[in-house]
Amino acid sequence: MISLGATMDIQKSEPISDNSPPNGNPNVFGSSTATKSRLARDIDFTSPITSRLKQLVNNEYLSDVVFRVGKAGVLIHAHKIIITLGSEVFYAQINGHFAEAKANKDFAPVIVTDIEPDIFTEVLKHIYYENVNITASNMLDIYYASEKYLLDILSLKCQEAFYNKISEKNVLAIFEHNRKYKFDVVDRICLEMICDNPLKFFKQKGFLELSNEGLIMITDRPAINCLKGQLQEVIESWEGENGPSSIVLDSKEVLCEKLHFFSETSFSTNVDTSFRLTVESPANLYGMGVLVGAKSQIKTPAEVEIIVMVENKLLASKKVPILNNLRTYDIMFEKQTIDNCTVQVTIKKPLYLENVQLLHFTKFQLISTDIQNKCKITCCSDGYQQNCSTEYHYCSYGSSIVVNCVSYLMCQAMDDQISQ
């Protein structure tokens, strides 16, 4: 039995010196960012177990191992009994035949040069009390550390964060950061997002800041939702900022599906088209194929301008040659969610060709496909349009006239993208 006097002796004993390192060795640690050794009165003895352990993270109190971390060599304190039970690697470093194990016998710091102090501290927080602050900016670094120290649970938390925190706002930065680590799971998530809606990312400053390796990884993808010419243009812009890339583009497929129209054809002098798209399940629109073909002989080379708008918002314009034979031109733009929207397509002819008749469909009839059946996409004439845009004027049509210059829509069901 411990007497009251003995208890009082414990309470009145001298506190541990703020500057005393473990085992009284005065030359072990040097300067440190760790919190000063806690006096007994500074410790909350009534806190839950996780809070008690939280107090020990990077704390000199009873610390018996120190790490020199990062480029600056910041000293971080730990406790062997805790970290060796939390990580096989720490166990081997402290107790095995590694240089670190031998060095620790003389209380020399364990050198960690490939992880920065803030990340190493998050690793310790996970080991000590299973709490870690994973953000979009640090998750790759924490994942690297978790893989290095064989922390499976922490690795799983990071992988979950990849799916939840990579977004259109940060995907280019994260993809470029991953050139340091080359994690397959991160590259896969980033490349799928970039290639799904590339025209959005081509306009961002971060695209021009990609490394040559990152640019090649994107341009080497066999399928991407843009045209080869659009990809070539952004490569040239990148080269203007960074120098030659020596990339030679090959043919590309698109990730989205083509939803074709089918009906009888006719010719009209004006084939400006307006139709209403409706869906029962979410779908995205990436582009379309537009019919361009003249009925009469065109003696001199000429161009027409194809203009695509959704809900009066300009998405794309492209000048293409007009020929006597029929041709379908692909027009691709940033991904648009189809939600009961009006699509408007104008073919602007030069004045001297204003009487030339162009080919068009006479109905908005879609061929049944998997995506059409899944999303229940329907298309119907939007009647006649009057001044849909101050810049692009749509001629009025009688309600009995149907003019459709669109050969197919480039769509994809949103749940298909999620499953990828």
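From a predicted model like this one, the values you see are computed outputs, not experimental measurements.

Trainee: Would you explain the sheet that holds strand β2 (residues 74-78) in this entry?
Mentor: The strands that make up a sheet are held in pairs by hydrogen bonds between backbone atoms, and each pair lies either parallel or antiparallel. The strand order across the open sheet formed by three strands is β2-β1-β3, and the pairing between neighbours is mixed. Both edges of this open sheet fall to β2 and β3 (110-112), since each of them pairs with a single strand only. Put simply, the sheet's adjacent strands are angled 30° from each other on average, direction ignored. Note that strand β1 (residues 65-69) and β3 share three bridges and pair parallel. Note that in β3 the partner of Val69 across the bridge is Val112. In the packing of helix α6 (residues 117-129) onto the sheet, contacts are made with β1, β2 and β3, and the angle to β2 comes to roughly 5°.

Trainee: Looking at this model, I keep getting lost on the layout of surface pockets. Mind explaining?
Mentor: Take a probe with the size of a water molecule and roll it over the atoms, and the empty space left behind shows itself. Computed from the structure, the second largest pocket encloses a volume of approximately 350 Å³. Counting only elements with at least two residues in the lining of the second largest pocket, the list comes to α11 (198-202), α14 (228-242), β9 (313-321) and β10 (327-338). Element by element, the count of residues in the lining of the second largest pocket is highest for β10, at five residues.

Trainee: What's the story with the packing of aromatic side chains in this structure? I'm lost.
Mentor: Each aromatic ring pair is characterised by the separation of its centres together with the angle its planes make. For the coordinates displayed, the defined rule picks out 13 aromatic pairs. With 5.2 Å between their ring centres and 10° between their planes, Tyr181 and Phe183 make a pair best called stacked. Phe183 carries the same exposure label as Tyr181, and that label is buried. With centroids separated by 6.2 Å and ring planes inclined at 75°, the aromatic side chains of Phe261 and Phe364 adopt a geometry described as edge-to-face. Here Phe261 is found in the loop between β4 (257-260) and β5 (265-268), whereas its partner Phe364 is found in the loop between β12 (358-361) and α15 (370-375), with 103 residues between them in sequence. Overall, Phe364 belongs to the buried group, its relative accessible area being 12%. Among the aromatic side chains, those forming a connected cluster through ring pairs are Tyr143, Tyr144, Phe162, Tyr181 and Phe183.

Trainee: Just to check I follow, could you spell out the pattern of salt bridges for this structure?
Mentor: Any two side chains of opposite charge can pair, on the condition that their charged atoms come close. Counted under the stated rule, the structure contains 11 salt bridges. Across the pair Asp187 and Arg179 runs a salt bridge, and its minimum N-O distance is 2.9 Å. Under the relative-accessibility criterion, Arg179 is labelled buried at 8%. Each member of the salt-bridge network shares a partner with another, and the members are Arg179, Lys182, Asp187 and Glu213.

Trainee: Explain α6 here, please?
Mentor: The periodicity of an α-helix, 3.6 residues per turn, causes residues three or four places apart in sequence to face the same way. Across its 13 residues, α6 extends 18 Å between first and last C-alpha, which sits within 8% of the 18 Å expected from 1.5 Å per residue. Counted residue by residue, α6 has 11 buried out of 13 residues, so it is predominantly covered. Among all positions of α6, only Pro117, Ile119, Phe120, Glu122, Val123, Leu124, Lys125, His126, Ile127, Tyr128 and Tyr129 are buried.

Trainee: Please clarify how the sheet that holds strand β14 (residues 406-413) should be interpreted in this entry.
Mentor: Read from one edge to the other, the open sheet built from four strands follows the order β4-β14-β7-β10, with strand pairing classed as antiparallel. The sheet terminates laterally at β4 and β10, the two strands that pair on one side only. Across the sheet, the mean angle separating the axes of adjacent strands is 25° when strand polarity is ignored. By the bridge criterion, nine bridges tie strand β7 (residues 283-292) to β10 in an arrangement that is antiparallel. Paired with Val290 across the strands is Tyr329, a residue of β10.

Trainee: Help me understand the nonpolar core, please; the structure alone is not making it clear to me.
Mentor: A general trend in soluble globular proteins is that nonpolar side chains are found buried together. Counting 71 residues, the largest nonpolar core has Phe67, Phe120, Tyr128, Tyr149, Phe162, Ile166 and Val186 as the members making the most contacts within it. Residues contacting Phe67, with those up to four places away along its chain left out, are Val74, Leu75, Ile76, Ala78, Ile83, Phe90, Gln93, Val110, Val112 and Phe120. Counting residues in hydrophobic clusters, the runner-up holds 47 residues, among them Leu259, Ile331, Val343 and Cys379.

Criteria and cut-off values
Residues numbered from 1 in each chain as written. Predicted model: local features only at pLDDT ≥ 70, side-chain atom pairs only at ≥ 80, totals over all residues. Heavy atoms only, no water. Pairing = 2+ DSSP bridges. Helix = DSSP H or I, 4+ residues; strand = E, 2+ residues; numbered from the N terminus. Axes fitted to C-alpha atoms, helices over the stretch in contact; angles between N-to-C directions. Contact = heavy atoms within 4.5 Å. 1 Å grid on protein atoms, 1.4 Å probe; cavity = no way out; pocket = protein on both sides within 12 Å on 5 of 7 lines; lining within 4 Å. Points joined across faces, edges and corners; volume = space filled by probe spheres on them. Phe/Tyr/Trp six-rings, centres within 6.5 Å; stacked < 30°, edge-to-face > 60°. Buried < 20%, exposed > 50% of the residue type's maximum accessible area, 1.4 Å probe, protein only. Salt bridge = Lys/Arg side-chain N within 4 Å of Asp/Glu carboxyl O. Expected span 1.5 Å × (residues − 1). Core = buried A, V, L, I, M, F, W, Y, C linked by side-chain atoms within 4.5 Å.

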